[in-house]
Amino acid sequence: MKIAVRFCSFALLLMVCMPTAVAKDAPPVGILAASAGEEVFLVDPTTGDTRSVATGPVAWLFPAPGGILFAPDLVNSKTSVIDLRTLSLREPIPGVTMPRFGTLPDRYLVLSKQLLVMSYPNRALMNSYAIPFENPWQVEILTENRVLFVLERLPQGGGNVTLIAVNLGEGRVVYRRPLAGDVRHFAISPALGLMALAAAGTGQIVLADPATLTPVATYLTGGRPIDLVFADDGSTLAVAVERSDGRGELVIWKIKPTKKKGLERKKEWIVPLAGPPVRLVSSPDGRHLAAGLNSGQIQIIEVDTQGLVATAEVGGAPRDVAWCDPAIEGPLLPDWSDDDEPTLDLSGG
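The sections below set out a description of the structure shown in this document. (Residues numbered from 1 in each chain as written. Predicted model: local features only at pLDDT ≥ 70, side-chain atom pairs only at ≥ 80, totals over all residues. Heavy atoms only, no water.)

## Structural notes on the overall build of the chain
Looking only at helices and strands, the chain has 2 helices and 28 strands in total. Considering the chain as a whole, with its 349 residues, one finds that 50% of them fall into the buried category. Element-wise, carbon and sulfur atoms account for 54% of the exposed surface of the chain, whose accessible area totals about 16,900 Å². (Helix = DSSP H or I, 4+ residues; strand = E, 2+ residues; numbered from the N terminus. Buried < 20%, exposed > 50% of the residue type's maximum accessible area, 1.4 Å probe, protein only. Areas by Shrake-Rupley, 256 points an atom, 1.4 Å probe, with all protein chains shown as cover.)

Written out as structure tokens, the structure is:
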């Protein structure tokens, strides 16, 4: 098994990283993973130090509990299994494995011609629902694995864009709604009870009620919103925007519901990026953002100060970026009695 590993020396890191004083007091947590070229890059978000693992051309990344990252290669039909705690490869899985985890560590979902509920880590079928998915682009599992949202769109764009809401407790589709405006990504804030949709075709962010998809507010971004996330305590919305002149910006809004005026943007910050963005993710604690750029860079930014913490090079435009928390524990496995060594009971009891 070949592992391509690159280390950035401390001297080189000083040339590309610009940590702020606040970042030193409260450094980012977790580890970033980005798929680009035929590698997955593991990034220290505090320094920008990177280590690359040869995986083949990976599109989407799938973090799992217990510090595991699944990196499926659809071209060569294999899945690399990366241990984020040791930054090394485990035994690969033949075929493509795309597990989507919610908050329960002992099970995950598989979206295909059916919706499958699989046990983890033994990957046994627990349940299945006759709910087909054609082109799942973004998937979010919420409220203790009781709610599923799926954005369907073609990878190259064009065609229909659909948002699907599923009640996982009942295994039933709540709605399947077509979306206009070339929606690229969505984000959900349980604190605000809102869903935000990035409509790149109209340059708008649409805030809607996730239970019904009824719009409640619309904001212009001045460009093409490519990706977005709720950060901090869920009241901060960050949007990665591509401008018409090729520049990239990170637009950050503080959103607060009011009784008289409804939703209000109480504060707004605009953070220039080093190039047009392709992905945006939030840290596990919501205090930092990572913007993947078309230039092959990842910029880590602190939400409170809007300051640049670090910059990492990942060798090409990232197809996907995931901010993982290796500290999340895996499932507790039972100690089965038939796993014990066989013994003879000669006590006569």
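Once you've had a look at it, read on.
## A few points about the sheet that holds strand 9 (residues 107–111)
Ordered by their spatial adjacency, 3 strands build an open sheet running 9-10-11, and the pairing between neighbours is antiparallel. In this open sheet, the two strands that pair with only one neighbour each are strand 9 and strand 11 (125–129). In this sheet, neighbouring strand axes are inclined to one another by 20° on average, regardless of whether the strands run parallel or antiparallel. Relative to strand 10 (residues 115–119), strand 9 runs antiparallel, the two being bridged by 5 bridges. If you follow Y108 over to strand 10, its bridge partner there is M118. (Pairing = 2+ DSSP bridges. Axes fitted to C-alpha atoms, helices over the stretch in contact; angles between N-to-C directions.)

## Some remarks on the pairing of strand 6 (residues 78–83)
Most of strand 6 is tucked away: 5 of the 6 residues are buried. Remark: 4 residues form the turn of the hairpin made by strand 5 (residues 68–73) and strand 6, two consecutive strands paired antiparallel; S77 in that turn has positive phi of roughly 50°. Here strand 6 pairs with strand 8 (residues 93–94) via 2 bridges, running antiparallel. Across the sheet, the residue bridging to K78 is P94, located in strand 8. In the sheet, strand 6 pairs with strand 7 (residues 88–89) via 2 bridges, with the strands oriented antiparallel. Residue pairing in the sheet places I82 in a bridge with L89 of strand 7.

## Let's talk about the pattern of salt bridges
For the coordinates displayed, the defined rule picks out 15 salt bridges. A salt bridge links R265 to E268; its shortest N-O distance comes to 3.9 Å. Using a relative accessible area of 37% as the deciding quantity, one classes R265 as partly exposed. Using a relative accessible area of 47% as the deciding quantity, one classes E268 as partly exposed. It is possible to trace a salt-bridge network through shared partners that takes in R243, D245, R247 and E249. (Salt bridge = Lys/Arg side-chain N within 4 Å of Asp/Glu carboxyl O.)

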